[in-house]
Amino acid sequence: MYTSYNEACGRDCSDLMTDLQLCEKAGMDYIEIRLDMLRDFLKTGTIEELQNFFAKSHVKPHAINAVYLRQDFLREGQEGAEDPVMQDFLLSCEVGKAIGSHYVIIVPPLDPSGVFTGDVQEAEKDCVRILKKLSQLARPYEMNLCFELVGLKKSCVRTIEAADRIVRAVDEDNVGFVFDSYNIYLCGKCNDFSKIEEVQSEKIFAVHLMSADDVPEEEMGQDKRCFPGEGVVDTDAFLKTLKKAGYNGMASVETFRPQYWQQTPEWVIENAYRTVYAALQKNDCL
């Protein structure tokens, strides 16, 4: 597998060009670019600058993060280019094609109330409908969609089995998974990753690797993420299961930890690289 850095780790203490330069210095193989940080960069920078960087750098762009779906997205009357979700998607595709990224992370609908109270089966049907349409829109850009289950109660797609049902129903070669160790854990503190072995292995497009603090379920959230090897998520079992399933792609450190945002970008990226490399090495994944 290959080391990768997700810009969420240093979101509030860094910027895109700083992250690119520090990932190159640290030895990262890939970087996942955040859409908000990409937009900030493009206020004064250009796509050509990004092309020039990647043309000379060891580090390469992987997925662009993230497009957050709504259940009513792409329904009749909701298909306009002015829709913020469509704007995010098209920006991901346009920049992705230009810089050599071929993946965009797609997040299922999340209920802002904190608990998804809708019909889960209907929500899954909406995910299938939307992903089918986005699949076709992505083809001219040579982009692949990485569908990401989220284990929090506000999500309509919380488990590997649910994500697998959706991806199989979409049945498009450019629609697959990103498996996130903490997002799986978030559903009932699950450290059993064996269901990964039952999905179509060629559809595992990306992996997010991190652990998390040991807190009561009602306190669990994305802000509790930490670097791999330091918390309660069994990242060893996660990596071993992926390896057994035949996955040999990137493993990207993705945290949203406020304490990390108070550090320097150098500290964040050096520790992200150190911990992801150590986890991959420990589990014979390099």
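Residues numbered from 1 in each chain as written. Predicted model: local features only at pLDDT ≥ 70, side-chain atom pairs only at ≥ 80, totals over all residues. Heavy atoms only, no water.

Identification of the protein chain as Sugar phosphate isomerase/epimerase from Faecalicatena acetigenes is taken from an unreviewed UniProt entry.

Peer 1: Sorry if this is basic, but what is going on with helix α3 (residues 47-56) here?
Peer 2: At 3.6 residues per turn, the α-helix brings residues three or four places apart onto the same side. The set of residues buried in α3 consists of Leu 50, Phe 53 and Phe 54. What you see down the axis of α3 is that its buried residues fit within an arc of 90°, all on one side. Of the residues in α3, the exposed ones pointing more than 90 degrees away from the buried face are Ala 55 and Lys 56. (Buried < 20%, exposed > 50% of the residue type's maximum accessible area, 1.4 Å probe, protein only. Helix = DSSP H or I, 4+ residues; strand = E, 2+ residues; numbered from the N terminus. Arc of directions from axis to C-beta.)

Peer 1: Would you explain the packing of aromatic side chains in this entry?
Peer 2: For any pair of aromatic rings, geometry is given as the distance between the ring centres together with the angle between the planes. Scanning all chains against the criterion turns up ten aromatic pairs. Ring pairing ties together the aromatic residues Phe 227, Tyr 260 and Trp 267, which thus form one cluster. (Phe/Tyr/Trp six-rings, centres within 6.5 Å; stacked < 30°, edge-to-face > 60°.)

Peer 1: Would you mind showing me how to read the nonpolar core here?
Peer 2: If you look at soluble globular proteins, the nonpolar side chains tend to sit buried side by side. Core analysis: the biggest nonpolar cluster contains 99 residues, and Phe 89, Ile 106, Phe 179 and Ile 196 have the highest contact counts within it. Filtering out sequence-adjacent residues up to four positions away, Ile 106 remains in contact with Val 67, Leu 69, Phe 89, Leu 131, Leu 134, Leu 145, Cys 146, Phe 147 and Glu 148. (Core = buried A, V, L, I, M, F, W, Y, C linked by side-chain atoms within 4.5 Å. Contact = heavy atoms within 4.5 Å.)

Peer 1: Explanation requested: the packing of helix α1 (residues 16-26) against helix α2 (residues 35-42) in the structure shown.
Peer 2: When two helices pack together, their arrangement is given by the angle between the helix axes and by the axis-to-axis distance. Their axes nearest at 8 Å, the elements α1 and α2 cross at an angle of 110°. Overall, the two elements α1 and α2 adopt an arrangement that is roughly perpendicular. Residue-level inspection shows Leu 16, Met 17 and Asp 19 of α1 in contact with α2, the latter providing Met 37, Leu 38 and Phe 41. Of the residues in the contact of α1 with α2, the class split is five nonpolar, no polar and one charged. (Axes fitted to C-alpha atoms, helices over the stretch in contact; angles between N-to-C directions. Parallel < 35°, antiparallel > 145°, perpendicular 65-115°, else oblique. Nonpolar A, V, L, I, M, F, W, Y, C, P; charged D, E, K, R; others polar.)

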